[in-house]
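Residue-level listing of the chains:
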Amino acid sequence: MKNYQKYERTYFMPPEECYDWARKDHIDAPPAWCSVDLRDGNQALIEPMSLDEKIEFFQLLLDVGFKEIEVGFPAASETEYQFLRTLIEQNMIPDDVTIQVLTQAREHIIRRTFEAVKGAPHAVIHVYNSTSVAQREQVFKKNKEEIKKIAVDGAKLLKKLAKETEGNFTFQYSPESFQGTEVDYALEVCNAVLEVWKPTKENKAIINLPTTVENAMPHVFASQVEYFDRHLYNRENVILSLHPHNDRGSGVSDAELGILAGADRIEGTLFGNGERTGNVDIITLAMNMFSQGVDPKLDFSNMSDICETYERLTRMKVSPRQPYAGELVFTAFSGSHQDAIAKGMSWREEKECDIWTVPYLPIDPKDVGRRYDSDVIRINSQSGKGGVNYILKQSFGISLPEKMKEEVGYLVKDVSDKAHKELDPDWVYHIFEDHYINPKSVFTVDECHYKQEDGIVAEATIHHAGSSRTITGVGNGRLDAVSNAIKHYFDISYELAFYEEHSLTKGSSSKAVAYVGVICNKKKYWGVGIDADIIKASVEALVVAVNKIEEIKNSDTCKDERLLEITNYIYANYKDVTLDDLSEKFFLSKPYLSKYIKEKSGMTFGDILKTVRMKKARAMLKSSNTTVESIAESVGYQNVEHFNRIFKKMYNMTPVQFRNKK
Ligand SMILES: CC(=O)SCCNC(=O)CCNC(=O)[C@H](O)C(C)(C)COP(=O)(O)OP(=O)(O)OC[C@H]1O[C@@H](n2cnc3c(N)ncnc32)[C@H](O)[C@@H]1OP(=O)(O)O
Ligand SMILES: CC(C)C(=O)C(=O)O
Ligand SMILES: [Mg+2]
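In this text the structure is predicted, and so the values were computed from the model without any measurement.

1. A look at the overall build of the protein chain
Reasoning step 1: Along the backbone of the protein chain there are 26 helices and 14 strands.
Reasoning step 2: Against the compact-globule benchmark of 26 Å for 662 residues, the protein chain has a radius of gyration of 35 Å, which places it well outside the compact range.
Reasoning step 3: For the protein chain, the spread of C-alpha atoms along the principal axes amounts to about 105 × 55 × 55 Å.
Reasoning step 4: Burial analysis of the protein chain (662 residues in total) assigns 52% to the buried set.
Reasoning step 5: Treating the 83 positive side-chain charges of the protein chain as one cloud and the 98 negative ones as another, the clouds have centres 3 Å apart.

2. Concerning the UniProt feature "binding site: Mg(2+)" (unreviewed entry) in the protein chain
Reasoning step 1: UniProt's feature table lists "binding site: Mg(2+)" (unreviewed entry) at D40, H243, H245 and N279, given in the numbering used throughout. In terms of the greatest pairwise C-alpha distance, the residues named above, spread along 240 residues, form a tight cluster of at most 10.3 Å across.
Reasoning step 2: As for its position among the elements, D40 is in helix α1 (residues 37–43).
Reasoning step 3: Classification of D40 by relative accessible area gives buried; the value is 3%.
Reasoning step 4: Those residues within four positions of D40 in sequence are excluded, and the remaining contacts are H243, H245, G274, E275 and N279.
Reasoning step 5: Within polar-contact distance, the side chain of D40 engages the side chain of H245 at 3.2 Å.
Reasoning step 6: As for its placement among the helices and strands, N279 is situated in the loop between β8 (265–268) and α10 (282–290).
Reasoning step 7: Those residues in contact with N279 that sit more than four places away from it in its chain are V36, D40, H243, P244, H245, N246, G268, T269, G272, N273 and G274.
Reasoning step 8: Within polar-contact distance, the side chain of N279 engages the side chain of H243 at 3.3 Å.

3. Focus on the coordination of the magnesium ion (ligand 3)
Reasoning step 1: Coordination of the magnesium ion (ligand 3) by the protein involves D40 (OD), H243 (NE2) and H245 (NE2), with metal-donor separations of 2.0 to 2.2 Å.
Reasoning step 2: Linear spacing of the donor residues for the magnesium ion (ligand 3) on their chain is D-x202-H-x1-H. Note that D40 is positioned in helix α1 and H245 in the loop between β7 (238–244) and α9 (251–260), a separation of 205 residues in sequence.

4. Things to note about the site of ligand 1
Reasoning step 1: R39, Q43, R106, Y128 and F140 are the nearest of the 17 residues found near ligand 1.
Reasoning step 2: Against a free-state accessible area of 1,000 Å², the protein chains account for coverage of 57% of ligand 1.
Reasoning step 3: Elements represented by at least two residues in the shell around ligand 1 include exactly α1, β3 (98–104) and β4 (123–130).
Reasoning step 4: Looking at the shell around ligand 1 element by element, the count peaks at three residues for α1.

5. Quick look at α9
Reasoning step 1: Among the residues of α9, those classed as buried are G251, D254, A255, G258, I259 and L260.
Reasoning step 2: Buried-residue contacts for α9 involve β6 (205–211), α8 (218–231), β7, β8 and α10.
Reasoning step 3: At the exit of α9 stands G262, carrying a positive phi of roughly 120°.

6. Things to note about the pattern of salt bridges
Reasoning step 1: Overall, the coordinates contain 41 salt bridges when judged by the stated rule.
Reasoning step 2: A salt bridge links R276 to D247, with the shortest nitrogen-to-oxygen separation between them at 2.7 Å. On the criterion of sequence distance, the pair formed by R276 in the loop between β8 and α10 and D247 in the loop between β7 and α9 is long-range, its members being 29 residues apart.
Reasoning step 3: For D247, a relative accessible area of 27% puts it in the partly exposed group.
Reasoning step 4: Ionic pairing is found between E308 and R312, a salt bridge with its closest N-O pair at 2.9 Å.

7. With respect to the packing of helix α4 (residues 107–117) against helix α6 (residues 144–164)
Reasoning step 1: It is the contact of α4 with α6, at a shortest axis distance of 10 Å, that shows an interaxial angle of 30°. Accordingly, the angle class assigned to the pair α4 and α6 is roughly parallel. For α4 against α6, the interelement crossing comes out right-handed. Between α4, through E107, I110, R111 and F114, and α6, the contact on the second element is made entirely by G154, L157, L158, K160, L161 and A162.
Reasoning step 2: Each residue belonging to the contact of α4 with α6 can be placed in one class, and the counts come to six nonpolar, one polar and three charged.

8. Re the site of ligand 2
Reasoning step 1: If you check the shell around ligand 2, you find R39, D40, L102, H126, S174, E176, N208, P210, T212, H243 and H245 and nothing else.
Reasoning step 2: Measuring from an oxygen atom of ligand 2, one finds a side-chain N or O atom of R39 at 2.9 Å.
Reasoning step 3: In this structure, an oxygen atom belonging to ligand 2 sits 2.5 Å away from a side-chain N or O atom of T212.
Reasoning step 4: When isolated, ligand 2 has an accessible area of 260 Å², and the protein chains bury 94% of it.
Reasoning step 5: Of all the secondary-structure elements, those providing two or more residues to the shell around ligand 2 are α1, β5 (169–176) and β6.
Reasoning step 6: Considering only residue class, the shell around ligand 2 consists of two nonpolar, six polar and three charged.

9. Quick look at the domain arrangement of the protein chain
Note: interface size is frequently given as the accessible area lost on complex formation between the parts.
Reasoning step 1: Assigned domains within the protein chain: domain 1 (30–314), domain 2 (335–437), domain 3 (443–553) and domain 4 (561–660).
Reasoning step 2: One C-alpha centre belongs to domain 1, the other to domain 4; they are set 56 Å apart.

10. Here's the deal with helix α17 (residues 478–490)
Reasoning step 1: Spanning 13 residues, α17 covers 19 Å between terminal C-alpha atoms, matching the ideal 18 Å at 1.5 Å per step.
Reasoning step 2: Listed as buried for α17 are L479, A481, V482, S483, A485, I486 and F490.
Reasoning step 3: Looking one or two residues past α17, D491 carries a phi angle of roughly 55°, positive in sign.

11. Re the nonpolar core
Reasoning step 1: Among the nonpolar cores identified, the biggest contains 168 residues, and F228, I398 and F432 are the most heavily contacted of them.
Reasoning step 2: Among the elements that line this core, the one with the most residues is helix α7 (residues 183–197), at 11 residues.
Reasoning step 3: Once you skip the residues sitting within four places of it in the chain, F228 turns out to touch F178, V183, A186, L187, C190, I207, L209 and L240.
Reasoning step 4: Counting residues in each nonpolar core, the second largest holds 29 residues, with I462, F490, C520 and L542 among its members.

12. Regarding the UniProt feature "domain: Pyruvate carboxyltransferase" (unreviewed entry) in the protein chain
Reasoning step 1: Feature annotation in UniProt assigns "domain: Pyruvate carboxyltransferase" (unreviewed entry) to the following positions: residues 31–304.
Reasoning step 2: Each end of residues 31–304 is marked by a C-alpha atom, and these two atoms are 25 Å apart; helix forms 45% of the span and strand 18%.

13. Observations concerning the side chain of E182
Reasoning step 1: Here E182 is to be found in the loop between β5 and α7.
Reasoning step 2: Classification of E182 by relative accessible area gives buried; the value is 15%.
Reasoning step 3: Excluding anything up to four places from it in sequence, E182 contacts F12, V133, R136 and K144.

14. Side note on the packing of aromatic side chains
Reasoning step 1: A full pass over the atoms with the stated rule returns 19 aromatic pairs.
Reasoning step 2: When the centroid spacing of 6.1 Å and the interplanar angle of 50° are considered together, the rings of F643 and F647 count as tilted. On the criterion of helical spacing, the pair formed by F643 and F647 is a turn pair, its members being four residues apart in helix α25 (residues 640–651). For the pair shown, F643 and F647 are each scored as buried.
Reasoning step 3: An aromatic cluster is built from Y637, F643, F647, Y651 and F658, whose rings are joined through pairwise contacts.
Reasoning step 4: Taking the ring centre of F658 as reference, the NZ or CZ of K622 above it sits at 4.9 Å.

Rules behind the numbers
- Residues numbered from 1 in each chain as written.
- Chains lettered and ligands numbered in written order.
- Predicted model: local features only at pLDDT ≥ 70, side-chain atom pairs only at ≥ 80, totals over all residues.
- Heavy atoms only, no water.
- Helix = DSSP H or I, 4+ residues; strand = E, 2+ residues; numbered from the N terminus.
- Rg over C-alpha atoms; globule rule 2.2 N^0.38 Å.
- Buried < 20%, exposed > 50% of the residue type's maximum accessible area, 1.4 Å probe, protein only.
- Lys, Arg positive; Asp, Glu negative; His and termini not counted.
- Charge placed at Lys NZ, Arg CZ, Asp CG, Glu CD.
- UniProt positions renumbered as here; feature names shortened; annotations may be inferred.
- Contact = heavy atoms within 4.5 Å.
- Polar contact = N/O pair within 3.5 Å; in protein donor to acceptor, adjacent residues only side chain to side chain.
- Donors = N, O, S within 2.8 Å, 3.2 Å for Na, K, Ca; no water.
- Near = heavy atom within 4 Å.
- Areas by Shrake-Rupley, 256 points an atom, 1.4 Å probe, with all protein chains shown as cover.
- Salt bridge = Lys/Arg side-chain N within 4 Å of Asp/Glu carboxyl O.
- Axes fitted to C-alpha atoms, helices over the stretch in contact; angles between N-to-C directions.
- Parallel < 35°, antiparallel > 145°, perpendicular 65-115°, else oblique.
- Left-handed = near helix turned anticlockwise from the far one by under 90°.
- Nonpolar A, V, L, I, M, F, W, Y, C, P; charged D, E, K, R; others polar.
- Domains from an automatic or database assignment.
- Expected span 1.5 Å × (residues − 1).
- Core = buried A, V, L, I, M, F, W, Y, C linked by side-chain atoms within 4.5 Å.
- Phe/Tyr/Trp six-rings, centres within 6.5 Å; stacked < 30°, edge-to-face > 60°.
- Lys NZ or Arg CZ within 6 Å of the ring centre and 35° of its normal.

So, in structure tokens, the structure goes:
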């Protein structure tokens, strides 16, 4: 890259070595937090917040638990001024909360600030001027003494006006652009300000060190902070505060190492909103402490509401990768991560662990209001059997046998790969159902009766090639007897190799699920049955598995690859797919396609679409409070009456009755 010679390091190391902080490896108590969302965050927005928006944001900050809030720069605009007056005059500041206002060290601005803050129960007046080499030379064109004088004059005026103004005031001073300032000179200016204010134990002053433009590695900042911690005048009466920005992307590290170096207080914003790359993100800082067992004294347990309010009021976006808050930060798509998470969750349950140790999840997503089923494991082409199994288990109560997991995993990820889409849990289940529960079959077994005579005798009614007949088999159990009857009927040989069953833990808890695996010519075929009667469930599973055996499959038509692709396409585009779309996508004429679907699946295109839409609607009715009208619309029906009629016809109850059904 060209032009790097144009740049050089612009920070200053302290005049002595300050590395005591490096011996500490963790933070054991939270700092005092000060939100600067309504000032530094607000001044960086394309469209600063209106009065009402600032009031709502203020309430959000109170709900999160902030006790110190910089509410604005009241001399900046009428909105800022009015906001402050509204808070004070309408008694909107809780007793345990201190507001803070910012002012430049300029007489008329300080005076206007005091007018705005009159009557505040308790306020911090925060005055600043830039002390950096660049601003001394280029902006103020003043030498070090003259710049120090701006700070000292400002400090004197604060002291004078605080005495003359009704209210309770604490003073704060920031040497702006601190990181571009010689450290001993910055200290000299801050100490000169403290000489004016003469803070006491009862009335401490705040010295705030901003990385106005972050220009150094975090350990440099920590050393600068430690130097201040050692040499500040009257240190015990001073609150040492930090105000990190994020230009180099290390705002959080600046704050964390700065706390190790002696800082007592941190100024920052939610999600790191602020000038340029933003201020330090207080959520990340607080949650980092939380994740190591320290109570941060801020409450982010309702993260999605916080995100929603923040996005609406600031018109900024929370990145899907935003630590602890983004949409995808607890999500694993990749197979090995999913596998480890699923195993970690089971371990946790089995061992009744108190401490959170689940791999790949730094915290329990539930602690910030997230869900395991829709937030953590999500399925796409990078997923594996562990993840697919987790979804089937969590969302549908299906606990696949170990030996079946791999086949189902590959089947599902292949659909995602071909569709280039993420599969939601319903879609995963649809694929599973389509392949293992209801695949189109060559034969069915509609009825079975059993007798005990030298083992079990099964009399089964088999429907095959257009006719029904009764077949008989003997075995050492009912399933074995039915299996032998089928073998005999088709004159084939296979091994009934796997059988597992369990009761369904989701949906209808009175049902059981059975898994049957048969081996024929060294190939394994699986089937699954679900029924209130476990024997029926296991026969259904057997029938599905045997139907897949090549010799039997070839004896009649069955669901072919293209039909599966067509139904998957319908599933992915159920909201508005038409026969025209399908015809274009699969290069088949409409009449041919209609006939093909009907012949291969036994259902018309319209029936398949209806079934998919109704399944989606059922899932939404159960998992959300969305109105029936909106659900109807979101599954593709503009007319809710029409939707209700179809639903009732299909499930014998209205959508509302279905929703209310226990
Ligand atoms: C790093 C930070 O985030 S600092 C906070 C920055 N935030 C803001 O500035 C937002 C609100 N600010 C404003 O609305 C306006 O700047 C106002 C109303 C406060 C002042 O407006 P104006 O006086 O019209 O203009 P402006 O801010 O450009 O002032 C520039 C003058 O102030 C001086 N100045 C700027 N900051 C300071 C300071 N902290 N102390 C003393 N003088 C200062 C400049 O040197 C310049 O002086 P000059 O007129 O002699 O050239
Ligand atoms: C006013 C000061 C503290 C500031 O916002 C900064 O320097 O970033
Ligand atoms: Mg700032």
